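Observations on the model geometry
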Amino acid sequence: MQRRIFFAAATLAASLATTAQAQTKWDLPSAYPAFNFHSQNIAQFAKEVDAATGGALKITPHPGASLFKAPEIKRAVQGGQAQAGEFFLVSFQNEWPLFGADGLPFLVSNQQDAYKLYQAQKPLLQKKLDQQGLTLLYTVAWPAQGIYSKKPINSAADLKGLKWRVYSPTTARIGELVGAQPATIQEAELSQALATGVIEGLITSSATGADNKLYESLKYYTNVQAWIPKNAIVANKKAFAALDKSAQEAVLKAAASAEERGWKKALEVDAQSIAKLKEGGMQVVEPSPQLKADLAKVGDVVVKEWMEKAGPDGKTMLDAYRSAK
Ligand code: PCA
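Now for a look at the structure at hand.

About the thresholds
- Residues numbered from 1 in each chain as written.
- Predicted model: local features only at pLDDT ≥ 70, side-chain atom pairs only at ≥ 80, totals over all residues.
- Heavy atoms only, no water.
- Buried < 20%, exposed > 50% of the residue type's maximum accessible area, 1.4 Å probe, protein only.
- Helix = DSSP H or I, 4+ residues; strand = E, 2+ residues; numbered from the N terminus.
- Pairing = 2+ DSSP bridges.
- Axes fitted to C-alpha atoms, helices over the stretch in contact; angles between N-to-C directions.
- Parallel < 35°, antiparallel > 145°, perpendicular 65-115°, else oblique.
- Left-handed = near helix turned anticlockwise from the far one by under 90°.
- Contact = heavy atoms within 4.5 Å.
- Core = buried A, V, L, I, M, F, W, Y, C linked by side-chain atoms within 4.5 Å.
- Phe/Tyr/Trp six-rings, centres within 6.5 Å; stacked < 30°, edge-to-face > 60°.
- Lys NZ or Arg CZ within 6 Å of the ring centre and 35° of its normal.

1. What about the pairing of strand β8 (residues 201-205)?
- Burial within β8 is extensive, with five of its five residues counted as buried.
- Sheet topology note: the strand β5 (residues 145-149)/β8 ladder contains five bridges and is antiparallel. Of the residues in β8, the one forming a bridge with G146 is T204.
- Here strand β6 (residues 163-166) runs beside β8; their pairing, made up of two bridges, is parallel. Residue pairing for β8: R165 is matched across the bridge by L202.

2. Details of the packing of helix α5 (residues 169-177) against helix α10 (residues 289-324)
- In the contact formed by α5 and α10, the axes pass within 10 Å of each other and the chain directions differ by 135°. One finds that α5 runs oblique with respect to α10. Between α5 and α10 lies a crossing of right-handed hand. Where α5 abuts α10, its residues T170, R173, I174 and L177 lie against V298, V301, V302 and E305.

3. Topic: the nonpolar core
- W26, F45, L137, Y138 and M317 are the most contacted members of the largest nonpolar core, which totals 87 residues.
- When residues of this core are assigned to their parent elements, the largest contribution, ten residues, is made by α10.
- Filtering out sequence-adjacent residues up to four positions away, L137 remains in contact with F45, I233, V234, A235, F240, V251, L252 and A255.
- Residues L190, A193, Y221 and M282 belong to the second largest nonpolar core, which totals 13 residues.

4. Focus: the sheet that holds strand β4 (residues 134-141)
- Across the sheet, which stays open at both edges, the three strands sit in the order β3-β10-β4 with antiparallel pairing between neighbours. The strands lining the two open edges of the sheet, one partner per strand, are β3 (84-88) and β4. Here the strands of the sheet are splayed against their neighbours by 25° on average, with no regard to which way each runs.
- Along the sheet face, helix α3 (residues 70-78) touches β3, β4 and β10 (230-236) and points at about 145° away from the line of β3.
- Each of β4 and β10 touches helix α9 (residues 245-279); the most contacted strand, β4, lies at about 25° to it.

5. Describing the sheet that holds β5
- Taken in spatial order, the six strands make up an open sheet running β7-β6-β8-β5-β9-β11, and their pairing is mixed. Edge positions in the sheet fall to β7 (181-184) and β11 (283-285), since each has one partner strand and no second. Strand-to-strand twist across the sheet, computed as the mean angle between neighbouring axes with direction ignored, equals 30°.
- Where α5 meets the sheet, its contacts fall on β6, β7 and β8, and the angle it forms with β6 comes to roughly 160°.

6. Points about the packing of aromatic side chains
- Taken as a whole and judged by the stated rule, the model has eleven aromatic pairs.
- Considering the side-chain rings of W96 and F99, the 5.0 Å spacing of their centres and the 80° angle between planes classify their relative orientation as edge-to-face. The residues W96 and F99 share a single accessibility class, namely buried.
- On the numbers, 4.3 Å between centres and 35° between planes, the contact of Y148 with Y221 is tilted. One end of the pair, Y148, is in strand β5; the other, Y221, is in strand β9 (residues 220-222), and 73 residues separate them in sequence.
- Note on Y148: relative accessible area 0%, which makes it buried.
- On the basis of relative accessible area, Y221 is assigned to the buried category, the value being 1%.
- The ring of F87 has K74 sitting right over it, with the charged end atom 5.9 Å from the ring centre.

Here's what the structure looks like:
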């Protein structure tokens, strides 16, 4: 009898312990559709954390800008309205130039280099985010960025006057330099902006083109591979610090797997998305030598201006990147 009481008490204590821990719930807002590979990767990350902590930390993803719009997510996590979130680094370049490092034109030409650039950026990025009350969990690259348009783009002159959708200070600056009309539009509003003629062209990935069926309104995808930007998944620093040691370790371990899985997936998704664009009737073309030369010139101006703003941090990062190449 006594043994039974002892076991009953032990079971009760154990279940109380899990109930107490089970109260840790995190919201993780993100801005891209639930079926996008970044969002799926986040869902898998949340599942792994759940399993590794025995349900003690429940992360609820909120994809598709359903909880906060893209530009609001970072601030929401900083302020603790969400305990974690995903944001597009380059769109925050005005806050700190190095957020825009992976949006610099033609600095990297493939994902391997983009990963090296990330490694060079990472210590500075972690430090900056930490100062902002954020803990970097992981990053995942998008596929390389190319130009979508109604008409063929054979030179920078073909971009003149175009209503040009932008998502970062650099894409806006490029628009200005080629004489286009830049308009900031979030991915969630892309289809509508195209349908209503607010924009006529943009630079983004094969993935975002396929996700939004851009072939329904645009005809050309010019594969310029201008840069390889990243999403960052961050936690509120205090929320992370409040987890017990084993939950922190579980989060970091799941984050490391998510990073590895996500970067690999970006390459697969690029190939699949290009196939989808073609199936949808889009002309997927390589840039002409003239367009390449024109964009290289624009790129030089943008990189030079960025370096002036980025100062010693920018130089530290670029030196580290170049010596790793
Ligand atoms: N798609 C997102 C960010 C980069 C990308 O490839 C967008 O266009 O908003």
